[in-house]
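Survey of secondary and tertiary structure
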Amino acid sequence: VFAMEPNPKHHPRLEEVAAAYGRMGWRYHVLPVAAGDSEGILTYYTRHIRQNEDDFTVLKKPDAHPTHNITVLHFAKWLEQHVYQRKIPENHRSLFPPKVVMKMDIEH
């Protein structure tokens with residue numbers, strides 16, 4: 001599993017999940033990045049909504065202030081390097097072939 005999450009607020013929980021999966025022998029990697037159609041840096045803004053709740057967005061709203069510059073990966077290149085080029089071991093024996101499954105939250 002590769003968890004791409006630009007919001008640093010979620011990183012501690014994702015690291016807990018990664019550790020729990022690791023104890024089960026599963027691979028789970030937290031990538032503190034955004035995914036896009038080109039590489040770069042994206043400025044995120046934060047604005048306070050109500051007690052214990054902040055909005056983390058790329059949209060510059062009047063009451064928001066820049067808080068984080070996040071690395072953006074070129075998603076297609078990343079897939080090519082980390083998924084498409086994987087080599088399945090020759091001794092892989094299973095009724096089910098390996099699969100790639102993606103879950104995405106598309107935001108702007």
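Residues numbered from 1 in each chain as written. Predicted model: local features only at pLDDT ≥ 70, side-chain atom pairs only at ≥ 80, totals over all residues. Heavy atoms only, no water.

When its secondary structure is counted, the protein shows two helices and six strands. Listing the helices and strands of the protein from first to last along the sequence gives β-α-β-β-β-β-β-α. For 108 residues, the compact-globule formula gives about 13 Å, and the C-alpha radius of gyration of the protein, at 17 Å, lies well above that figure. In terms of its C-alpha atoms, the protein occupies a principal-axis envelope of roughly 60 × 30 × 20 Å. Burial statistics for the protein: of 108 residues in total, 21% are counted as buried. Pairs at least 24 apart in sequence give 57% of the contacts found in the protein among residues at least 6 apart. Here the protein displays about 8,800 Å² of accessible surface, and carbon together with sulfur accounts for 54% of that area. If you average the places of the 14 positive and of the 13 negative side-chain charges in the protein, the two averages end up 6 Å apart. (Helix = DSSP H or I, 4+ residues; strand = E, 2+ residues; numbered from the N terminus. Rg over C-alpha atoms; globule rule 2.2 N^0.38 Å. Buried < 20%, exposed > 50% of the residue type's maximum accessible area, 1.4 Å probe, protein only. Contact = heavy atoms within 4.5 Å. Areas by Shrake-Rupley, 256 points an atom, 1.4 Å probe, with all protein chains shown as cover. Lys, Arg positive; Asp, Glu negative; His and termini not counted. Charge placed at Lys NZ, Arg CZ, Asp CG, Glu CD.)

For helix 1 (residues 11-23), with 13 residues, the first-to-last C-alpha span of 18 Å sits near the 18 Å given by 1.5 Å per residue. Considering only its buried residues, helix 1 is in contact with strand 2 (29-31). Backbone geometry just downstream of helix 1 places glycine 25 in the positive-phi region, at approximately 85°. (Expected span 1.5 Å × (residues − 1).)

As a further point, take helix 2 (residues 75-84). Every α-helix carries 3.6 residues per turn, so stepping three or four residues along brings you back to the same face. What helix 2 keeps buried is the set Trp78, Leu79 and Val83. For helix 2, the buried positions fall inside an angular range of 100° around the axis, keeping them on one side. Across from the buried face of helix 2, at angles greater than 90 degrees, the exposed residues are Gln81 and Tyr84. Buried residues in helix 2 make contact with strand 1 (2-4), strand 2 and strand 6 (65-74). (Arc of directions from axis to C-beta.)

Low pLDDT means the predicted atomic positions in that stretch should not be read closely. Per-residue pLDDT for the protein averages 84, and the proportion of residues at 70 or more is 94%. Mean pLDDT values over the elements of the protein span from 73, in strand 5 (residues 53-57), up to 94, in helix 1. (pLDDT = per-residue confidence, 0-100.)

The residue leucine 31 is located in strand 2 in this model. The residues touching leucine 31, leaving out its near neighbours within four places in the chain, are Phe2, Ala3, Met4, Glu5 and Trp78.

This part covers the nonpolar core. Within the largest apolar cluster, six residues are counted, these being Ala3, Leu14, Val17, Ala18, Tyr28 and Val30. Among all residues touching leucine 14, those that are not within four sequence positions of it are Glu5, Tyr28 and Val30. (Core = buried A, V, L, I, M, F, W, Y, C linked by side-chain atoms within 4.5 Å.)

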